[in-house]
Amino acid sequence: MKGPTADMGEPLEPYVPDPTLRAALEDFGQQCDREISVPPQTRLDRGYGGGTLFVARLTEPAPPGREPTRKVFVKVLPARSRQREVRGQQRPRAALGDFARQHLAEQIFPPIDLRDGRRLMFQETTDDARMRGLDELDGEDLLAAFRAVLEAVLHEWNSAAPAPGRAGPPHRETTLGPYLERELRAAGAWEKIHHALGIFGFRSDAESLVIDSRPLPNPLRTVDPASPHHRRPVRFHAGFAHGDLHGGNVLVPCGADGRPHPERFSLVGLSAVDAEAPLTRDVAALLLATVLRYVPSLDHDGSEALIDYLVHPQRGRPGALVGPVAELVRIADEVGTAYAQPLAGPATWRRQARLSLIAQALTCTTFEDLRPDRGLWCLRLAARAMQAHLQESPVAPAAPATAVGRWPVRPPATPGPGTDAAHPHRQPAAGPPDPDPGQHSGPPSRVLVWCLLAAALLALAGVAAWALAPGSAAT
């Protein structure tokens, strides 16, 4: 998102080419006696959830001595996420104090419903300085802002240190299949991921994927209850997460000299805020979204080295990987393991972070603007991370099918007859009603035996009837 470069705004057209959106903004201004304009060089950013975010200037009647113009962030939500966004806007402020006031944007007007089902929302940050998105920063400015966001999300929003009346982030227990399904649903990718694998030429129910002539475990296979890895135990720490943390949703204020002040960042696009999320969700999301900027410029060795470093950060930076992309991985691991030290330790944190990385990489395969090259790279990353997880994690003993507390919402249903095993959420086509739903047939072999016995009895009855019939003896 380009920050405003002038005090004067421009008319909505051509910066807002969508006629429905433009008409709604103009109607809102007329009804509220406010004028809406767009600062020059503003572009519309589309987030992971399909929402659009841009900067606007709102001029309103003001008493003497008060600035009549204020800067707002306009968020346009797709129809499918309207209720989700409203819940996300309300939950963090009701539950938190300082972090919400310092770093979360605030909804300043009631939402506006558009004719096509979308929803228009107005957000305002506490900082009135010129803003730049994290995805606009580079070099040391990018690294400083990246570290500041991760440290604040973990240490401020989810303090690990015990405090009066609080024992630190709680831990949760679940199993691998439900964990990944819940993460894909939270990212809005569950209904798309099977189709995405098909686009790359893979079956979602396959046990392995051959990528670059190398067989790798299919990470999506684990969500199927028939998978041998479905019930591997997973233990993680839960807490607050933004849920859609990428560079377009992180705004960094800049001084008059253009120097960014990362410690004063603001988060917008609060559609996926979750109070019971794995604490590694935001770390993996921001890390992957940021390193994907550099993937197209890497050669084959650098691309492989980046995957190795993401999957095994404890091994140190590979020699083939240089520049900011290597520092991003190091910072994410350093901040996370330092946070986890008083909890369960670095090893447990890295296992949890790897699972979040798998979920985020699978989610990225559903983004059309990352296909084909970066999307396939994300699929390879997810498969390699799953391979490492299966090799390092112990084989599950008897593990509970459901999780502690509210995690997950529900385990995947066991596919029944006529259900597509690769799509367990898809229901089979409706057939004729069961004449006796209370009775169920046994295995096919038992049914066959009963059918043969019935046929033999009918044959015997026929022979006896023929023998006893009048005139049969004379014949």
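Summary of the structure given here. (Residues numbered from 1 in each chain as written. Predicted model: local features only at pLDDT ≥ 70, side-chain atom pairs only at ≥ 80, totals over all residues. Heavy atoms only, no water.)

1. Quick notes on the state of the cysteines
Formally, a disulfide is one covalent bond, and it connects the sulfur atom of one cysteine to the sulfur atom of another. For the structure shown, the criterion picks out 0 disulfides. For the unlinked cysteine Cys364, the closest cysteine sulfur is that of Cys378, found at 4.5 Å. For Cys364, a relative accessible area of 2% puts it in the buried group. (Disulfide = S-S within 2.5 Å. Buried < 20%, exposed > 50% of the residue type's maximum accessible area, 1.4 Å probe, protein only.)

2. Some words on the sheet that holds strand β13 (residues 250-254)
Spatially, the 3 strands line up as an open sheet ordered β8-β13-β14, and their pairing is antiparallel. Edge strands, defined here as strands with exactly one partner in the open sheet, are β8 (130-133) and β14 (266-267). In terms of strand pairing, β13 meets β14 through 2 bridges, oriented antiparallel. Looking across to β14, one finds that Val250 is bridged to Leu267. (Pairing = 2+ DSSP bridges. Helix = DSSP H or I, 4+ residues; strand = E, 2+ residues; numbered from the N terminus.)

3. A few points about the packing of helix α9 (residues 300-311) against helix α10 (residues 324-340)
Here α9 crosses α10 at 10°, and the two axes come no closer than 10 Å. Compared by their axis directions, α9 and α10 come out roughly parallel. Only Val325, Ala326, Val329 and Arg330 of α10 make contact with α9, whose side of the interface consists of Leu306, Tyr309 and Leu310. Tallied by class, the residues present in the contact of α9 with α10 amount to 6 nonpolar, no polar and 1 charged. (Axes fitted to C-alpha atoms, helices over the stretch in contact; angles between N-to-C directions. Parallel < 35°, antiparallel > 145°, perpendicular 65-115°, else oblique. Contact = heavy atoms within 4.5 Å. Nonpolar A, V, L, I, M, F, W, Y, C, P; charged D, E, K, R; others polar.)

4. Observations concerning the nonpolar core
Considering soluble globular proteins, one finds that nonpolar side chains tend to be buried as a cluster. Among the nonpolar cores identified, the biggest contains 86 residues, and Trp377 and Leu381 are the most heavily contacted of them. Per-element tally for this core: the top contributor is helix α12 (residues 373-392), with 10 residues. Residues contacting Trp377, with those up to four places away along its chain left out, are Leu288, Leu292, Val295, Ser303, Leu306, Ile307 and Leu310. Listed in part, the 18 residues of the second largest apolar core include Val38, Phe54, Val72 and Phe122. (Core = buried A, V, L, I, M, F, W, Y, C linked by side-chain atoms within 4.5 Å.)

5. Looking at the sheet that holds strand β9 (residues 171-175)
Ordered in space as β9-β12-β15, the 3 strands form an open sheet in which the pairing is antiparallel. Of all strands in the sheet, those bounded by a partner on one side alone are β9 and β15 (274-278). In this sheet, neighbouring strand axes are inclined to one another by 40° on average, regardless of whether the strands run parallel or antiparallel. One ladder, built from 3 bridges, connects strand β12 (residues 233-241) with β15; its direction is antiparallel. Within the sheet, the bridge partner assigned to Ala238 lies in β15 and is Pro278. Against the sheet, helix α6 (residues 176-186) touches β9, β12 and β15, its axis set at about 105° to β9. Together, β12 and β15 form the strand contacts of helix α8 (residues 280-291), whose direction differs from that of β15 by roughly 75°.

6. Considering the packing of α8 against α10
Where α8 contacts α10, the axes come no closer than 10 Å and their chain directions differ by 175°. Considering their axes alone, α8 and α10 lie roughly antiparallel with respect to each other. Here Val283, Leu287, Thr290 and Val291 of α8 come into contact with α10, specifically with Val325, Leu328, Val329 and Ala332. Taken together, the residues of the contact of α8 with α10 break down into 7 nonpolar, 1 polar and no charged.

7. Brief notes about α9
Taking 1.5 Å of rise per residue, the 12 residues of α9 would be expected to cover 16 Å, and the 17 Å separating its terminal C-alpha atoms lies within 8% of that figure. Counted residue by residue, α9 has 9 buried out of 12 residues, so it is predominantly covered. Of the residues making up α9, those classed as buried are Gly302, Ser303, Glu304, Ala305, Leu306, Ile307, Tyr309, Leu310 and Val311. On its buried face, α9 sits against α8, α10, α11 (346-364) and α12. Two to three positions downstream of the cap, the backbone nitrogen of Asp301 sits 3.3 Å from a side-chain oxygen, assigning the N-cap of α9 to Asp299. (Expected span 1.5 Å × (residues − 1). Polar contact = N/O pair within 3.5 Å; in protein donor to acceptor, adjacent residues only side chain to side chain.)

8. With respect to the side chain of Arg281
Turning to its location among the elements, Arg281 is positioned in helix α8. A distance of 2.6 Å separates the side chain of Arg281 from the side chain of Glu183, its partner in a polar contact.

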